[in-house]
Amino acid sequence: MVLVRSLLLTAGLSLVASTALAEPLLVEEAQVRAVPPGSQTSAAFMTLRNPGEQDVTLVDADSPAAEVIELHNHEDVDGVMQMRKISEIVVPAGESVALAPGGLHMMLIGLTAPLEEGQPVEIELRFDSGKSQQVTAPVKRVEVSAEGHHGHADAHDHGHAHDHGHGQDHGHGEGHRH
Ligand SMILES: [Cu+2]
């Protein structure tokens with residue numbers, strides 16, 4: 001009887017443990033944009049992959065590196081790319097969503113300390129399910145000009161997207177300087 005009870009207890013515990021360990025998303029290529037000293041904002045980029053069978057909805061994020069993190073997208077408004085705060089990012093079951101310069105990103109607002117290249121930034125992703133997930137995103141220089149050295153078409157497209165991101169960041173910084 002004692003043996004049965006302890007077996008049940010063990011089974012119950014391992015079930016809880018494996019549930020707690022199962023992260024909702026696989027996060028790849030997480031990085032935070034290196035910004036000049038004195039900058040109050042930065043952005044985090046990453047690829048969110050959902051290996052599960054249910055959609056995962058990101059609704060919020062938090063980091064010791066910034067006072068606030070907002071989920072942002074870029075929208076083409078009459079030919080001008082504008083940054084918009086959005087309430088959620090849905091990662092459909094079995095699919096992945098890229099947060100990248102010129103598109104979806106997490107905006108770090110009110111940096112608590114200067115970001116140093118290579119520094120790991122801890123970001124907690126919060127989901128509508130109430131679950132959360134910890135991500136480490138190193139600070140990296142996100143190239144603004146990719147002209148010249150890479151040569152192939154991909155590099156050029158890339159450079160273009162970065163240029164958009166760059167312009168928008170300026171606009172954004174001003175928007176938050178109330
Ligand atoms: Cu933004």
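Remember, predicted model here, so these are calculated numbers, not experimental data. (Residues numbered from 1 in each chain as written. Predicted model: local features only at pLDDT ≥ 70, side-chain atom pairs only at ≥ 80, totals over all residues.)

1. Concerning the overall build of the protein chain
Piece 1. Secondary structure assignment for the protein chain yields 2 helices and 10 strands.
Piece 2. Shown N-terminal to C-terminal, the secondary structure of the protein chain runs as helices and strands in the order α-β-β-β-β-β-β-β-β-β-β-α.
Piece 3. Burial status across the protein chain gives 23% buried among its 178 residues.
Piece 4. Residue pairs in contact within the protein chain that sit at least 24 positions apart in sequence constitute 67% of those at least 6 positions apart. (Helix = DSSP H or I, 4+ residues; strand = E, 2+ residues; numbered from the N terminus. Buried ≥ 20, exposed ≤ 12 C-beta atoms within 10 Å, placed from the backbone. Contact = placed C-beta atoms within 7 Å.)

2. Examining the pairing of strand β10 (residues 132-140)
Piece 1. As paired elements, strand β1 (residues 26-33) and β10 share 2 bridges and run parallel to each other. Directly across from Arg 33, in β10, lies its bridge partner Lys 140.
Piece 2. Where strand β9 (residues 120-127) lies against β10, 7 bridges are found, and the strand directions are antiparallel. By the bridge assignment, Val 121 is partnered in β10 with Ala 137. (Pairing = 2+ DSSP bridges.)

3. Let's talk about the nonpolar core
Piece 1. Judged by nonpolar contacts, the single largest core of 28 residues is most densely connected at Val 32, Ala 44, Met 46, Met 106, Leu 108 and Ala 137.
Piece 2. Every element with two or more residues in this core is listed here: β1, β2 (41-49), β3 (56-62), β4 (66-77), β6 (89-91), β8 (105-111), β9 and β10.
Piece 3. Element by element, the count of residues in this core is highest for β2, at 5 residues.
Piece 4. Look past the residues within four positions of Val 32 in its chain and what remains in contact with it is Ser 42, Ala 44, Leu 108, Leu 115, Val 121, Ala 137 and Val 139. (Core = buried A, V, L, I, M, F, W, Y, C linked by C-beta atoms within 7 Å.)

4. A look at the environment of His 74
Piece 1. By secondary structure assignment, the location of His 74 is in strand β4.
Piece 2. The class of His 74 is partly exposed, set by 19 C-beta atoms lying within 10 Å.

5. Overview of the environment of Pro 120
Piece 1. Along the chain, Pro 120 falls in strand β9.
Piece 2. A C-alpha to C-alpha distance of 5.5 Å links Pro 120 and Ala 137, two positions 17 residues apart in sequence.

6. So, unusual backbone geometry
Piece 1. Here the phi dihedral of Glu 29 falls at roughly 55 degrees; this positive angle occurs in a residue that is not glycine.
Piece 2. Within the secondary structure, Glu 29 is located in strand β1.
Piece 3. Overall, Glu 29 belongs to the exposed group, with 12 C-beta atoms counted inside 10 Å.
Piece 4. A positive phi angle, close to 50 degrees, is found at Asp 78, a residue other than glycine.
Piece 5. Residue position: Asp 78 is located in the loop between β4 and β5 (80-85).

7. Details of the confidence of the model for the protein chain
Low pLDDT means the predicted atomic positions in that stretch should not be read closely.
Piece 1. When pLDDT is averaged along the protein chain, the result is 79; 68% of the residues meet or exceed 70.
Piece 2. Here residues 12-20 scores under 50 on pLDDT; set against residues more than four positions off or in separate chains, the count is 0 contacts.
Piece 3. A low-confidence stretch, residues 145-178 (pLDDT under 50), is modelled with 34 contacts involving residues beyond four sequence positions or located in other chains. (pLDDT = per-residue confidence, 0-100.)

8. A word on the environment of Ser 96
Piece 1. Relative to the helices and strands, Ser 96 is located in strand β7 (residues 96-99).
Piece 2. Given 15 C-beta atoms within a 10 Å radius, Ser 96 is considered partly exposed.
Piece 3. Remark: the alpha-carbon pair of Ser 96 and Asn 50, spanning 46 residues in sequence, is separated by 5.9 Å.

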